[in-house]
Amino acid sequence: MEPHAGGAQRNLDVERLRRQYLDMARIRAFEEAAAAAVAEGTVLGLIHPYIGQEAIAVGVCANLTRDDLLLSTHRGHGHTLAKGASPAGMMCELLGRANGVCGGKGGSMHIADASVGMLGANGVVGANILIATGAAQAIKMQGQDRIVSCFFGDGAVNRGPFLEGLNWAAVFRLPVLFVCEDNAFSATTRTEAMTAGPGPAARAESLGVPAVAVDGNDVLAVDTAARDLVAAIRAGGGPRLLVARTYRLSGHVTIDPAAYRPDHEVQERWADDPIVRCADLLRQAGLDDGTLAGDLDAARDEIAAAYRFAKDSPWPDPREAFTDVQDAGGPVMEEA
Amino acid sequence: MTPDQSLGQTSGQTPETTTEMTYGDAARLALAEEMRRDARVWALGEDVGRGGVFGQYAGLQAEFGAERIADSPISEAAIMGVAVGAAMAGTRPVAEMRISDFALCAVDELVNQAAKARFMLGGQVRVPLVVRQPMGIWPALAAQHSQSLEAWYTHVPGLVVVAPATPADNRGLLKSAIRSDDPVVYMEHKDLWKDTGPVPDGDDVLVPLGKARLARPGDDVTVVTWSGMVRTCVQAADDLAGQRVSAEVIDLRTLWPWDQDAVLASVEKTGRLLVAHEAVLASGFGAEVAATVSERLFGRLKAPVRRLGGPRMPIPYSPPLEAQARRTAADVARAVRGLMQ
Ligand SMILES: Cc1ncc(C[n+]2csc(CCOP(=O)(O)OP(=O)(O)O)c2C)c(N)n1
């Protein structure tokens, strides 16, 4: 594993970084609004916030095109937004409304927007690794000029699909970027205590999949590392793994107080907030505080509007529960 | 209706002639035809490049190349999961599980992913794949190579479940399964690979999903069955004819969706139903058929509905033990005679 040089030595593209700042702010605002909506009772079920990990989705997706595909996890709002989905369609999905991206059938854990290549969050840890691998095989077989990105947590590397998927992707030299977001936790358990050996990068390299580790709270470092990995993949080099070290600033789900970790640890990690760090870089590049605060406000306004739109949106027709199951032998609603 | 007449319509060109071939060759032909017809169709699985465990892929890699007849690692979860992703991304994979027992290593990929992806994503994706899971008792291969788990998959919304009994159906149903936009669990019976039968000529003869086949006409009793038990039940019906019992044998062919109309029409005529399968009796698919017929035709039944299935035990190895897991023509005939009393 090569430690990846951060962006500091490179010429800074301020416009690009500012877009990423805004994208991170949109994700943060979305997650805060979603958590508030859970508290308010308008969003049901469980929400897994992406707070603290925004730089990873944004830095990676900055190197993807709309045609590239993305497979995500239970913690998938950030990836979906970064890939270009509309916050309104996503918020409608969280509120279970008819105009949600999945028509209200999936909710947070199955959020997806195929129109931007986002083929689904997933309720099963690790399952997306194999689906991403298969999508990459289809891309290769059809001679298409696109790649697949696949995000998963550090917990997923202890499931079989990590081995089976990376082995497969390497054997068939598939165009897929695996991204392991090491946020230190698997639900309420520290992943380190449950993971033997030197970690995901070493496991990947044992399968011949080159791996790069970055500071996942440094959006510039993620962007730079992803750019090189994506270039290698597009050039036909086969799969790559990006290991992004980060920290899950919120509970596992919004209702998790995360009492299993000391407050001071969390406080220290808040000092490493990727959005604050990005703001610092932009300030060094000459942007003023007013501009930076304005971006945060713009993000919050956009998400607040999306939430209002969702609250005013209609519920799905109950008959919709019976559609999209299967063509042959699908369910039929009994007439009352 | 005449024997071997489809209760449903056979689509495509009407065949004038037939060719005798094995159940295995019929499937091989079907896959080759569909791969020639549609460049998006491909197959993946262990050892398929050398023809597959039962020869059902023999010669295909030579024609279609190693990318479309793709050998895989021994990674059943990956074979299935890759098929799901590849189906979402525009291809039509045929995933080979070697035998249905090994498909249990890929249940998440099939049940949680393939079956539900279209629904969970509100119709944004389709998962047009076929997963082949050879089922049934494989003589002397014992408990982990012999199961009949078709009922499990009929319980999962999103899946189509097919269990062909004849060479003609193995060609026509596999072709329909490959053309289906739903994920299809395709369960060939391991004891049928070498069975021969007439297969209609012409490369576009499909057997529709969800339509039963009248395997043998009769008037007194309806015997509903599928897969390896079809020939057993036809044998029993032939034997019973000599005892002046006329049994009608219906081969369901597709278990989900199953041809309720055909079964109900037959039982309306005969007033008696036996459902027979090789799978364990308890919670077998026979229970679904029996319950449906009882609910719909209770007043017209001349006898309580009967089921025949395997004992609830793992398939044993030693021949005299293994025989206890099998249901024979004599067992079927006995059950039918019981209905006639
Ligand atoms: C196969 C499976 N087992 C258990 C769960 C329950 N579960 C949901 S998220 C989670 C923790 C996952 O940790 P990690 O992969 O590191 O991702 P993170 O939540 O940290 O983003 C668990 C155990 C699940 N969804 N799927």
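About the criteria used
- Residues numbered from 1 in each chain as written.
- Chains lettered and ligands numbered in written order.
- Predicted model: local features only at pLDDT ≥ 70, side-chain atom pairs only at ≥ 80, totals over all residues.
- Heavy atoms only, no water.
- Pairing = 2+ DSSP bridges.
- Helix = DSSP H or I, 4+ residues; strand = E, 2+ residues; numbered from the N terminus.
- Axes fitted to C-alpha atoms, helices over the stretch in contact; angles between N-to-C directions.
- Contact = heavy atoms within 4.5 Å.
- Buried area = accessible area lost by both parts, 1.4 Å probe.
- Salt bridge = Lys/Arg side-chain N within 4 Å of Asp/Glu carboxyl O.
- Polar contact = N/O pair within 3.5 Å; in protein donor to acceptor, adjacent residues only side chain to side chain.
- Nonpolar A, V, L, I, M, F, W, Y, C, P; charged D, E, K, R; others polar.
- Parallel < 35°, antiparallel > 145°, perpendicular 65-115°, else oblique.
- Left-handed = near helix turned anticlockwise from the far one by under 90°.
- Disulfide = S-S within 2.5 Å.
- Buried < 20%, exposed > 50% of the residue type's maximum accessible area, 1.4 Å probe, protein only.
- Near = heavy atom within 4 Å.
- Areas by Shrake-Rupley, 256 points an atom, 1.4 Å probe, with all protein chains shown as cover.

Draft legend 1. Up close: the sheet that holds strand E13 (residues 254-256) of chain B. Residues and elements named next belong to chain B. Ordered by their spatial adjacency, 7 strands build an open sheet running E4-E3-E5-E6-E8-E7-E13, and the pairing between neighbours is mixed. Pairing within the sheet leaves two strands with one partner each, and these edge strands are strand E4 (69-71) and E13. Going from strand to strand, the sheet's axes swing by 20 degrees on average, the running direction of each strand aside. Summarising the sheet, strand E3 (residues 41-45) and strand E5 (residues 92-96) pair through 4 bridges and their orientation is parallel. Opposite tryptophan 42, over in E5, you have proline 93 as the bridge partner. Strands in contact with helix H1 (residues 23-37) are E3, E4, E5 and strand E6 (130-132); relative to E3, the strand with the most contacts, it is inclined by about 130 degrees.

Draft legend 2. Structural view of the interface of chain A and chain B. Listed as interface residues are 39 residues of chain A and, on the opposing side, 41 residues of chain B. Note on chain A versus chain B: buried area summed over both sides is about 3200 Å², and carbon and sulfur give 63% of it. Contact with chain B buries surface across chain A, with A:Met141, A:Trp168 and A:Asp324 losing the most and accounting together for 21% of the total. Applying the counting criterion to the chain A and chain B interface returns 3 salt bridges. Along the contact surface separating chain A from chain B lie 17 residue pairs in polar contact (both at pLDDT 80 or more). Contributing elements (two or more residues each) for the side of chain A that touches chain B: helix H5 (127-141) and helix H6 (160-171) of chain A. The dominant element in the side of chain A that touches chain B, judged by the number of residues it contributes, is H5(A), at 10 residues. A per-class count over the side of chain A that touches chain B returns 19 nonpolar, 13 polar and 7 charged.

Draft legend 3. Expanded view of the packing of helix H9 (residues 260-270) of chain B against helix H10 (residues 285-297) of chain B. Residue and element names in this part refer to chain B. Where H9 contacts H10, the two axes come as close as 11 Å, and the packing angle between them is 60 degrees. Of the possible angle classes, the one that applies to H9 and H10 is oblique. Crossing of H9 over H10 shows right-handed handedness. Mapping the contact onto sequence places Gln260, Val263, Leu264, Val267 and Glu268 in H9 and Val289, Thr292, Val293, Arg296 and Leu297 in H10. Taken together, the residues that form the contact of H9 with H10 break down as 6 nonpolar, 2 polar and 2 charged.

Draft legend 4. Geometry of the state of the cysteines. Residues and elements named next belong to chain A. Tallied over the full model, the rule gives 0 disulfides over all chains. The thiol of cysteine 150 is unpaired, and the distance to the nearest cysteine sulfur, on cysteine 180, comes to 10 Å. The exposure class assigned to cysteine 150 is buried, which follows from its relative accessible area of 0%.

Draft legend 5. Fine view of the site of the ligand. All names here are of chain A. Near the ligand lie 15 residues; those nearest to it are His74, Arg75, Gly155, Asn183 and Phe185. Residue glycine 123 places a main-chain N or O atom 2.9 Å away from a nitrogen atom belonging to the ligand. Within the backbone of alanine 156, a nitrogen or oxygen atom sits 3.3 Å from an oxygen atom of the ligand. The protein chains hide 72% of the 580 Å² of surface that the ligand would expose on its own. Taken together, the residues of the shell around the ligand break down into 5 nonpolar, 7 polar and 3 charged.

Without other data, these values stay purely geometric and don't point to any function.
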